[in-house]
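Spelled out, the chains give:
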Amino acid sequence: APTANLTDSCAQSYDAAVDYFPEKASIEDATGFVVEYFNNYKVVTVLNPWRGAQEQFKYVIVQCGTPAPTGIENALVIEAPAKDVIAMSTTQLPHLEKLDLLDRLLGLDSFLYVNNPKVRTLIQVGALVEIGSGAEVNIEKTIEAQPDLVMTYGSGDPQYDAHPKLLEAKIPTVINAEYMEGTPLGRSEWIKFTALFFNKEGKAQE
């Protein structure tokens, strides 16, 4: 059994009795998402993705190298740890930096509003792809980039939401709803949501 989460590799063998996530996230202040842990996968539910939402979003995060569960309905299955990510909000960039994951940043929705010095450097050297936002998101460019994960946000307005088109194109896309939290502590705790897809719960808790 691993003594720490696998953040850079897949499981080399599978044993149904082994807990592959010894480092777990404990949600204390955020009210917009919950996580349930099982031996080789975690189920994350975004409870309130935008104001007046009538739907929730469920993600089954499976330790790569182990089998995905069956029987979980209306859920997107994603392997962890994700090797790369496209972030569609600048508010997600501090999470990646604090979790030591900027080397996995593959692209952004727009370069225009980025002021993080490390990310600006990545932009200047041409290391990142720009895919656009909302309904104008460039699906072809996103598919060409082959991201393990696209993290976006939702408003409930098709004019401003990118996730319907991304999901229709079978691009692994998750909704980050940190802006819906009512307190600063609740909002900041969404770093744990980001960490779940990279098995970085230990770092996020710290």
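Residues numbered from 1 in each chain as written. Predicted model: local features only at pLDDT ≥ 70, side-chain atom pairs only at ≥ 80, totals over all residues. Heavy atoms only, no water.

## Description of helix H2 (residues 117–124)
The opening residue of H2, the one whose side-chain oxygen lies 2.9 Å from the backbone nitrogen of Lys 118, is Asn 116. Taken from the residues just after H2, Gly 126 is the one with a positive phi, measuring 75°. (Polar contact = N/O pair within 3.5 Å; in protein donor to acceptor, adjacent residues only side chain to side chain. Helix = DSSP H or I, 4+ residues; strand = E, 2+ residues; numbered from the N terminus.)

## Some remarks on the pattern of salt bridges
Taken as a whole, this structure holds eight salt bridges when the rule is applied. Residues Lys 42 and Glu 201 are paired through a salt bridge, measuring 2.7 Å at the closest nitrogen-oxygen approach. Of the two residues, Lys 42 is situated in strand S2 (residues 41–46) and Glu 201 in helix H7 (residues 201–205); the sequence distance between them amounts to 159 residues. Exposure class is identical for Lys 42 and Glu 201. Each is buried. Here Asp 148 makes a salt bridge to Lys 83, at a shortest N to O gap of 3.3 Å. A residue pair is termed long-range when its members are at least 10 positions apart, and Asp 148 in the loop between helix H3 (139–145) and strand S8 (149–152) and Lys 83 in the loop between strand S4 (75–80) and strand S5 (85–87) qualify at 65 residues. Residue class for Asp 148 comes out partly exposed when judged on its relative accessible area of 24%. Using a relative accessible area of 59% as the deciding quantity, one classes Lys 83 as exposed. Salt bridges linked by common partners bring Asp 100, Lys 203 and Glu 206 together as one network. (Salt bridge = Lys/Arg side-chain N within 4 Å of Asp/Glu carboxyl O. Buried < 20%, exposed > 50% of the residue type's maximum accessible area, 1.4 Å probe, protein only.)

## Some details on the sheet that holds strand S3 (residues 57–63)
One open sheet holds the four strands; their spatial order is S1-S2-S3-S4, and the pairing between them is mixed. Every interior strand has two partners, whereas the edge strands, strand S1 (33–37) and S4, have only one. Averaged over all adjacent pairs, the angle separating strand axes in this sheet is 20°, with direction ignored. Bridge count between S1 and S2: five bridges; the pairing is antiparallel. Its bridge partner lying in S2, Glu 36 is registered against Val 43. (Pairing = 2+ DSSP bridges. Axes fitted to C-alpha atoms, helices over the stretch in contact; angles between N-to-C directions.)

## A short note on the packing of aromatic side chains
Applying the stated criterion across every chain, the model contains nine aromatic pairs. Their ring planes at 65° and their centres at 6.2 Å tell us that Tyr 59 and Phe 197 sit as a pair that is edge-to-face. Of this pair, Tyr 59 sits in strand S3 while Phe 197 sits in the loop between helix H6 (191–196) and H7, placing them 138 residues apart in sequence. Its relative accessible area of 0% is what places Phe 197 among the buried residues. Aromatic side chains Phe 193 and Phe 197 sit 5.3 Å apart centroid to centroid with 70° between the ring planes, which places their arrangement in the edge-to-face category. The exposure class of Phe 193 is buried, given its relative accessible area of 0%. An aromatic cluster of three or more residues is present, and its members are Phe 33, Tyr 59, Trp 190, Phe 193 and Phe 197. (Phe/Tyr/Trp six-rings, centres within 6.5 Å; stacked < 30°, edge-to-face > 60°.)

## Points about the state of the cysteines
By the definition in use, this model includes one disulfide. The partner cysteine of Cys 10 in its disulfide is Cys 64, sulfur to sulfur 2.1 Å. Between Cys 10 and Cys 64, the S-S torsion sits near -105°, and that sign places the bridge as left-handed. Placement of Cys 10 in the segment before S1 and of Cys 64 in the loop between S3 and S4 is noted, with a sequence separation of 54 residues between them. (Disulfide = S-S within 2.5 Å.)

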